[in-house]
Amino acid sequence: MPKILIYISFLPWFLYFLATTINAYKDLKTNKFNKKWLKKNFLKVFHFDNLILLGIFIFFSVYYGKSGQVWLAEVLLFGFINLYLFFNYFYYDKNKSKAKLVPTDLSPILILIIIALIPIIRYGGTKNYIIAYYLLFGLSFFNYLTVIIANFINKLVVKLICYGKNK
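Reading the values: rules and limits
Within any chain, residue numbers begin from 1 and follow the written order of that chain's sequence. In keeping with the predicted nature of the model, local features appear solely for residues at pLDDT of at least 70, side-chain atom pairs appear and are counted solely at 80 or more, and the whole-chain, interface and lining totals rest on all residues. Remark: hydrogens and water are excluded; side-chain values derive from all non-hydrogen atoms of the structure. Only Phe, Tyr and Trp rings take part, Trp by its six-membered ring, and two of them pair if their centres are within 6.5 Å. Stacked means planes under 30 degrees apart, edge-to-face means over 60, and tilted covers everything else. In this scheme, a residue with accessible area under 20% of its type's maximum is buried, one over 50% is exposed, and one in between is partly exposed, where area comes from a 1.4 Å probe on protein chains only. Whether a charge sits over a ring comes down to the Lys NZ or Arg CZ being within 6 Å of the ring centre and within 35 degrees of the ring normal. Here, nonpolar core refers to any group of buried Ala, Val, Leu, Ile, Met, Phe, Trp, Tyr and Cys residues whose side-chain atoms link them within 4.5 Å. Counting from the N terminus, the helices are DSSP H or I runs at least four residues long and the strands are E runs at least two residues long. Residues are treated as being in contact if the distance between any of their heavy atoms lies within 4.5 Å. Within this scheme a cavity is a closed region of a 1 Å grid, computed over the protein atoms alone, that accommodates a 1.4 Å probe without allowing it to escape, whereas a pocket is open but has protein on both sides within 12 Å along at least five of seven lines; lining residues each have an atom within 4 Å of a point. Grid points are joined across faces, edges and corners, and a volume is the space filled by probe spheres set on the points. Side-chain classes follow a simple rule in which Ala, Val, Leu, Ile, Met, Phe, Trp, Tyr, Cys and Pro form the nonpolar group, Asp, Glu, Lys and Arg form the charged group, and the remainder, Gly included, forms the polar group.

## Here we look at the packing of aromatic side chains
Next up, step 1: Per the counting criterion, the structure on display carries 24 aromatic pairs.
Next up, step 2: Residues Phe141 and Phe142 carry aromatic rings whose centres are separated by 5.0 Å and whose planes lie at 85° to one another, so their mutual orientation is edge-to-face.
Next up, step 3: Among the residues examined, Phe141 registers a relative accessible area of 12% and is labelled buried.
Next up, step 4: Three or more aromatic residues joined by ring pairs make a cluster, and in this case those are Tyr7, Phe10, Phe57, Phe78, Tyr123, Tyr129, Tyr133, Tyr134 and Phe137.
Next up, step 5: For Lys127, the ring lying beneath its charged end belongs to Tyr123, and the centroid distance is 5.5 Å.

## A word on the nonpolar core
Next up, step 1: Grouped together as the largest cluster of nonpolar side chains are 38 residues, with contacts concentrated most on Ile6, Phe10, Trp13, Phe57, Phe78, Tyr129 and Tyr133.
Next up, step 2: If you list the elements that add at least two residues to this core, you get helix H1 (2-30), helix H4 (48-63), helix H5 (70-92), helix H6 (106-126), helix H7 (129-141) and helix H8 (143-166).
Next up, step 3: In terms of residue count, the dominant contributor to this core is H1 (nine residues).
Next up, step 4: Filtering out sequence-adjacent residues up to four positions away, Phe78 remains in contact with Ser9, Phe10, Trp13, Phe57, Tyr133, Leu136 and Phe137.

## Things to note about the layout of surface pockets
Next up, step 1: There is about 230 Å³ of room inside the largest pocket.
Next up, step 2: For the lining of the largest pocket, the elements supplying multiple residues, two or more each, are H1 and H8.
Next up, step 3: Residues that form the lining of the largest pocket fall into these classes: four nonpolar, three polar and four charged.

The following block contains the structure:
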């Protein structure tokens with residue numbers, strides 16, 4: 001039963017991560033990411049409500065880590081924090097990009113999904129859910145950086161495929 005609850009707690013995070021990274025992808029598609037843009041849009045890129053909620057989660061996981069039933073509180077806290085962030089994103093986020101996705105955007109989004117699955121797969125191998133939760137919170141907080149990495153990987157793969165076809 002504990003494993004099932006942990007995997008279920010990943011679902012709200014995954015929904016929130018997809019919503020925010022697809023928005024970040026659309027935003028970076030229409031804007032050039034540079035120092036000037038980052039300075040102007042700093043609060044748009046880094047959501048500090050995530051940091052506050054991460055701090056609460058870290059407090060429980062560090063200071064009450066030895067308690068008997070704290071794993072249930074951590075799993076529920078992680079799930080509900082991400083559920084809150086997901087609903088909050090749709091109701092209150094004024095920074096949503098109006099850009100539309102086109103079929104060529106599918107490959108970077110698939111790379112983003114693969115990147116998102118890495119901590120979950122890592123949990124499946126190590127069964128250390130706290131480290132997986134920290135990694136997932138990190139991916140959520142640095143969603144613009146994750147999109148930049150996914151775009152870089154996508155361009156690299158496209159170059160390799162096009163280079164292989166030209167031979």
